[in-house]
Structures are given as structure tokens and as C-alpha cells.
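Here's the letter readout for the chains.
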Amino acid sequence: MISGIGTDIVEVDRMKKAIENTGFLERYFTRAENEYFMLKKYNPMTIAASFAAKEAVAKAFGTGFRGFKLTDIEILRDGLGKPYVRLYNKVEKMTDGAKIHLSLSHTTDYAVAFAVMEK
């Protein structure tokens, strides 16, 4: 049963500017996410899609970022490139056993993410 959905879109140019700011990547992404970005040569489209995914997951909870932070939601990819979510701290407890499905896409200008929470 679907218990929540969320979607978000990010302008890639805005993300390019954000990642130029010292500390942005460390403040909003986990170590594992930053290692993945390094492998992808800090591609702004990849980073924008991950940022949009964090927002989409928060929206699927129906709470936004109340009571937790962006780094409590980790967006990674499996060996085939399929995105998946790891949750930490309070937000992990909020899932109540739900599974989160993600779909990410991007163009040169935009990155979009769609999250479905299933119990």
C-alpha cells in the first residue's frame, strides 16, 4: 500500500553555483554520497538529482524537513545505477517499516526525483 509520495525538481545551474560554495557538499550530503560524487567527477546533474531525491523523500513523509536534516537521508546507487535510500536517526524510525522507491532523471537544465513510500 502506498503511504506517501513526493517529487522535487532542481535547476542544475543553481546546483552548480551552490557546489562552488565551500562546505555545501559536506553540509548537505553524507560521506558516502560525496564519495559517489567524486567518482562522477562532481557532475552537477548527478548532485542536483540527489538533492532533489532528498527533498522528494522528505515530501513522501508528509513532514518536510521537520525534526531531521538533509544528511539523515542518504541517496546512493547500486551496481547498476539504480538509486536507493538509506535513512538515519529520527527519520529512520519514521518509516515504520516502509520501503522507499526512487526514480531520478535529469537534463542539462533540470534534475527531477520522484519518491514512493510503500508499507
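Everything discussed here concerns the structure shown above.
Residues numbered from 1 in each chain as written. Predicted model: local features only at pLDDT ≥ 70, side-chain atom pairs only at ≥ 80, totals over all residues. Heavy atoms only, no water.

Quick look at the overall build of the chain now. Across its full length, the chain carries five helices and five strands. The order of helices and strands in the chain, counted from the N terminus, is β-α-α-α-α-β-β-α-β-β. Taking 14 Å as the expected radius of gyration for a compact globule of 119 residues, we find that the chain reaches 13 Å, a close match to that expectation. The C-alpha extent of the chain, read off along each of the three principal axes, is 40 × 25 × 25 Å. Expressed as a percentage of contacts within the chain between residues at least 6 apart in sequence, the contacts between residues at least 24 apart total 57%. (Helix = DSSP H or I, 4+ residues; strand = E, 2+ residues; numbered from the N terminus. Rg over C-alpha atoms; globule rule 2.2 N^0.38 Å. Contact = heavy atoms within 4.5 Å.)

Let us now look at helix H1 (residues 12–20). Within H1, burial applies to Val12, Met15 and Ala18. Each buried residue of H1 sits inside an arc of 115 degrees when the element is viewed along its axis, so together they form one side. Along H1, the residues that are exposed and aim more than 90 degrees away from the buried face are Arg14, Lys17 and Glu20. On the buried face of H1, the contacting elements are strand E1 (2–11), helix H2 (24–28), helix H4 (44–61) and strand E5 (110–118). (Buried < 20%, exposed > 50% of the residue type's maximum accessible area, 1.4 Å probe, protein only. Arc of directions from axis to C-beta.)

This part is about the nonpolar core. Grouped together as the largest cluster of nonpolar side chains are 34 residues, with contacts concentrated most on Met15, Val57, Ile73, Val85, Leu87 and Ile100. Looking at this core, the elements with two or more residues in it are H1, H2, helix H3 (31–39), H4, strand E2 (73–77), strand E3 (83–87), strand E4 (99–106) and E5. Looking at which element gives the most residues to this core, the answer is H4, with eleven residues. Excluding anything up to four places from it in sequence, Met15 contacts Val10, Phe24, Pro44, Ile47, Ala48 and Phe51. (Core = buried A, V, L, I, M, F, W, Y, C linked by side-chain atoms within 4.5 Å.)

Okay, the pattern of salt bridges next. Taken as a whole and judged by the stated rule, the model has five salt bridges. One salt bridge connects Lys59 with Asp8, and the closest N-O pair in it is separated by 2.9 Å. With a gap of 51 residues between them, Lys59 in helix H4 and Asp8 in strand E1 connect regions that are remote in the sequence. Between Asp96 and Lys119 there is a salt bridge, with its nearest N and O atoms 3.7 Å apart. Placement of Asp96 in the loop between helix H5 (89–94) and E4 and of Lys119 in the segment after E5 is noted, with a sequence separation of 23 residues between them. (Salt bridge = Lys/Arg side-chain N within 4 Å of Asp/Glu carboxyl O.)

Let us look at the pairing of E2. Taken residue by residue, a regular strand's side chains alternate between the two faces of the sheet. Within E2, five of the five residues are buried, which leaves it mostly tucked inside the rest of the structure. A two-sided burial pattern is seen for E2, the buried positions comprising Ile73, Ile75 and Arg77 on one face and Glu74 and Leu76 on the other. Note: E2 against E3, five bridges, orientation antiparallel. By the bridge assignment for E3, Glu74 is matched with Arg86. The turn linking E2 back onto E3 is made up of five residues, and Gly81 within it adopts a positive phi angle of 95 degrees. (Pairing = 2+ DSSP bridges.)

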